[in-house]
Each structure stands twice: as structure tokens, then as C-alpha cells.
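Structure at a glance
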Amino acid sequence: THPPHVLINISESAMNALLPRSTQDLIANGQVHLRRVYPRGTRIASGNLDPLKFWRAGSHFAALNWQEFDSGMQLNEPIFTGTSGWVLRPSALLGRQKSHKRVKLSLHIVGLSSR
């Protein structure tokens, strides 16, 4: 067994091969070890991977290319803006009581323009 402070680096391709059949094992592993997902080697354009897919599977970090403000960065931006870079994970990913309660979310979107 490795010490809990070990950072496991795994490619997007390797994670995709494990998902979805190993999701529970990945979550359990993420409760003990830090895990960083990095883009597959064939991703030569500036596009980003989908960080939510990997965060939901217990990964702590998703390597994103800040040169492209695509959907991956647009998901990352509101989660971490105004924080010190760390956001508390949901209790199900922490190994605490699992909640299957659904929550209804409603939004009111207002557009503003300076023109």
C-alpha cells in the first residue's frame, strides 16, 4: 500500500477505459490517494477534457489548457473563482454518508450589456 499523500497521474484515455464500470473503485481510491487526470496524448489542439466526468469519479485535479475558454474551462471557472483553489468535495466522494436525495435547482439568468 502506498502512503495517502501519493499523487497518481493518469491519462484521460486510461480513465475513460476504466469508466463507467470502475467508478466505485475509483471513488474509493480517491478517498485515499490524490489523483490528477491529464489530457490524452493525441489531444494536440487546445481543446480541454471534460473535468466533471473525472471529478465525479473521485479525481482531485483535471489538467486544463487555459489558452482555450471552452466548456471544460467554463465549468472550472465558476467552481474555483474566488477560492484559494480548493473546494470541499461532496460527502459521497469523501466516504461519508451517501446521499441520494435529489435537489431541484432553478435559475434566473439576466443578460447585461454596456451598449
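Okay, so let's go over this structure.

Structural notes on the packing of aromatic side chains
- What the rule picks out here adds up to 1 aromatic pair.
- With a centroid separation of 5.8 Å and an interplanar angle of 70 degrees, the aromatic rings of Trp55 and Phe80 are classed as edge-to-face. Of the two residues, Trp55 is situated in helix H3 (residues 51–55) and Phe80 in helix H4 (residues 71–80); the sequence distance between them amounts to 25 residues.

Looking at a nonpolar patch on the surface
- A grouping of Leu105, Leu107 and Ile109 is seen on the molecular surface, where their side chains present a nonpolar patch of about 430 Å² in accessible area.
- In this structure, Leu107 sits in the segment after helix H5 (91–94).
- Accessibility expressed as a relative area gives 70% for Leu107, which makes it exposed.

Digging into unusual backbone geometry
- Omega for the peptide link from Leu19 to Pro20 comes to -5 degrees, which places this bond in the cis form.
- Within the secondary structure layout, Pro20 lies in the loop between helix H1 (12–18) and helix H2 (23–30).

Overview of the environment of Asn29
- Tracing the chain through its elements places Asn29 in helix H2.
- In this structure Asn29 comes out as partly exposed when scored by relative accessible area, which is 26%.
- Through-space distance from the C-alpha of Asn29 to that of Ser59 is 9.0 Å; in sequence the pair is 30 residues apart.
- With residues near it in sequence (within four places) discarded, Asn29 still touches Ile8 and Arg35.

Let's talk about the nonpolar core
- Counting residues in hydrophobic clusters, the biggest one holds 12 residues: Ile10, Met15, Leu19, Leu26, Val37, Leu49, Phe54, Trp55, Ala57, Ala62, Leu64 and Met73.
- Once residues lying within four places of it in the same chain are set aside, the contact partners of Leu26 are Met15, Leu18, Leu19, Arg35 and Ala57.

Quick notes on the pairing of strand E2 (residues 34–38)
- Across the two faces of E2 the burial differs, with Arg35 and Val37 buried and Leu34, Arg36 and Tyr38 not buried at all.
- Two elements, strand E1 (residues 7–11) and E2, share 5 bridges in a ladder whose sense is parallel. Residue Asn9 lies in a different strand from E2, and its bridge partner there is Arg36.

Reading the values: rules and limits
Residues numbered from 1 in each chain as written. Predicted model: local features only at pLDDT ≥ 70, side-chain atom pairs only at ≥ 80, totals over all residues. Heavy atoms only, no water. Phe/Tyr/Trp six-rings, centres within 6.5 Å; stacked < 30°, edge-to-face > 60°. Helix = DSSP H or I, 4+ residues; strand = E, 2+ residues; numbered from the N terminus. Patch = residues over 30% accessible without salt bridge, like charges linked within 9 Å, V, L, I, M, F, W, Y side chains within 5 Å. Areas by Shrake-Rupley, 256 points an atom, 1.4 Å probe, with all protein chains shown as cover. Salt bridge = Lys/Arg side-chain N within 4 Å of Asp/Glu carboxyl O. Buried < 20%, exposed > 50% of the residue type's maximum accessible area, 1.4 Å probe, protein only. Contact = heavy atoms within 4.5 Å. Core = buried A, V, L, I, M, F, W, Y, C linked by side-chain atoms within 4.5 Å. Pairing = 2+ DSSP bridges.

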